[in-house]
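A structural walkthrough
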Amino acid sequence: MISLRRATPEDAEWLLELLIGDDTEPFLGGRAPRDLEALHAQIERSRAEPQKSGRMIIELDGERAGTMAFDTASEAHRIAHIGGLAVHPDFRQRGVADEAARRFQRYLIFDLGFHRLELACYGFNDRAIRHTERVGFVREGVKRRAYMRHGEWQDAVLFSLLREDLEP
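All of these numbers come straight from a predicted model, not from anything done at the bench.

Focus on the pattern of salt bridges
For the structure shown, the criterion picks out 16 salt bridges. Residue R149 pairs with E25 through a salt bridge whose shortest N-O separation is 2.9 Å. Pair noted here: R149 is in strand β6 (residues 138-149) and E25 is in the loop between α1 (12-19) and α2 (36-48), with a separation of 124 residues, a long-range link. When sorted by exposure, R149 lands in the same class as E25, which is buried.

Examining helix α4 (residues 126-134)
Buried residues of α4: I129, H131 and T132, and no others. With its buried residues spanning 165° around the axis, α4 presents them on a single face. Looking at the buried positions of α4, the neighbouring elements they touch are β4 (79-87), α3 (96-111), β5 (116-122), β6 and β7 (152-162). A positive backbone phi angle near 105° is found at G136, which sits one or two residues after α4.

Some thoughts on the environment of P89
Examined against the element boundaries, P89 turns out to sit in the loop between β4 and α3. Along the chain, P89 and D23 lie 66 residues apart, while their C-alpha atoms are 8.4 Å from each other. Non-local contacts of P89, meaning those with residues more than four positions away in its chain, are made with L18 and D23.

Considering α2
Along its 13 residues, α2 runs 18 Å from first to last C-alpha, staying within 8% of the 18 Å computed at 1.5 Å per residue. If you check which residues of α2 are buried, you get L39, Q42, I43 and S46. All buried residues of α2 project into a common sector of 100° when viewed along the axis, lining one side. The exposed set on the far side of α2, more than 90 degrees from its buried face, consists of E37 and A48. Here the buried face of α2 lies against β1 (2-6), α1, β2 (53-60) and β3 (63-74).

Digging into the nonpolar core
Counting 30 residues, the largest nonpolar core has F70, V96, L108, L117 and F137 as the members making the most contacts within it. Those elements that provide at least two residues to this core are β2, β3, β4, α3, β5 and β7. The element that contributes the greatest number of residues to this core is α3, accounting for seven residues. Non-local contacts of V96, meaning those with residues more than four positions away in its chain, are made with I2, I58, L60, A65, V87 and F91. Counting residues in hydrophobic clusters, the runner-up holds 13 residues, among them L16, L19, A32 and I43.

Some remarks on the packing of α1 against α2
The geometry of α1 relative to α2 is characterised by a closest axis approach of 10 Å and an angle of 120° between their N-to-C directions. On the basis of their axis angle, the class for α1 and α2 is oblique. In this structure, α1 meets α2 at a crossing whose hand is right-handed. For the pair α1 and α2, the contacting residues are A12, E13, L15, L16 and L19 in the first and L36, L39, H40 and I43 in the second. Residue composition of the contact of α1 with α2, grouped by class: seven nonpolar, one polar and one charged.

Calculation notes
- Residues numbered from 1 in each chain as written.
- Predicted model: local features only at pLDDT ≥ 70, side-chain atom pairs only at ≥ 80, totals over all residues.
- Heavy atoms only, no water.
- Salt bridge = Lys/Arg side-chain N within 4 Å of Asp/Glu carboxyl O.
- Helix = DSSP H or I, 4+ residues; strand = E, 2+ residues; numbered from the N terminus.
- Buried < 20%, exposed > 50% of the residue type's maximum accessible area, 1.4 Å probe, protein only.
- Arc of directions from axis to C-beta.
- Contact = heavy atoms within 4.5 Å.
- Expected span 1.5 Å × (residues − 1).
- Core = buried A, V, L, I, M, F, W, Y, C linked by side-chain atoms within 4.5 Å.
- Axes fitted to C-alpha atoms, helices over the stretch in contact; angles between N-to-C directions.
- Parallel < 35°, antiparallel > 145°, perpendicular 65-115°, else oblique.
- Left-handed = near helix turned anticlockwise from the far one by under 90°.
- Nonpolar A, V, L, I, M, F, W, Y, C, P; charged D, E, K, R; others polar.

Structure representation (structure tokens):
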């Protein structure tokens, strides 16, 4: 069974290993924490301001399987920016990311009251783009050559999900 919980300081070293791994780091955005100090700060903010920010742990049958995060993009308009989805290699190809993303959407929209969720994927990250569309996000456009990543300009594919997209 897949569940989500807020990260704790005890998760920081595990998270860092996952986020800086060779098969994960190239695909994460430039804002993702890449050292223990930044991770501890993000975890503390998640715990101090749970309505505004979150570093989450994905668990499968009680075992850490991955992570994802959100930050409030606009309090007035109830928009959250989500990202940082990473699944540990031992748990990939099992639908963990899809189920966790759907649970995360419902948590942010129905429990925390956000109206709109936004995210961006690098244009070269076909796996993330397919995942994002598969879990219900709508492609809104492309920011051409928007981000410098590993010495090259990269496109960002923009997506959103609205509360009404989840309601029957």
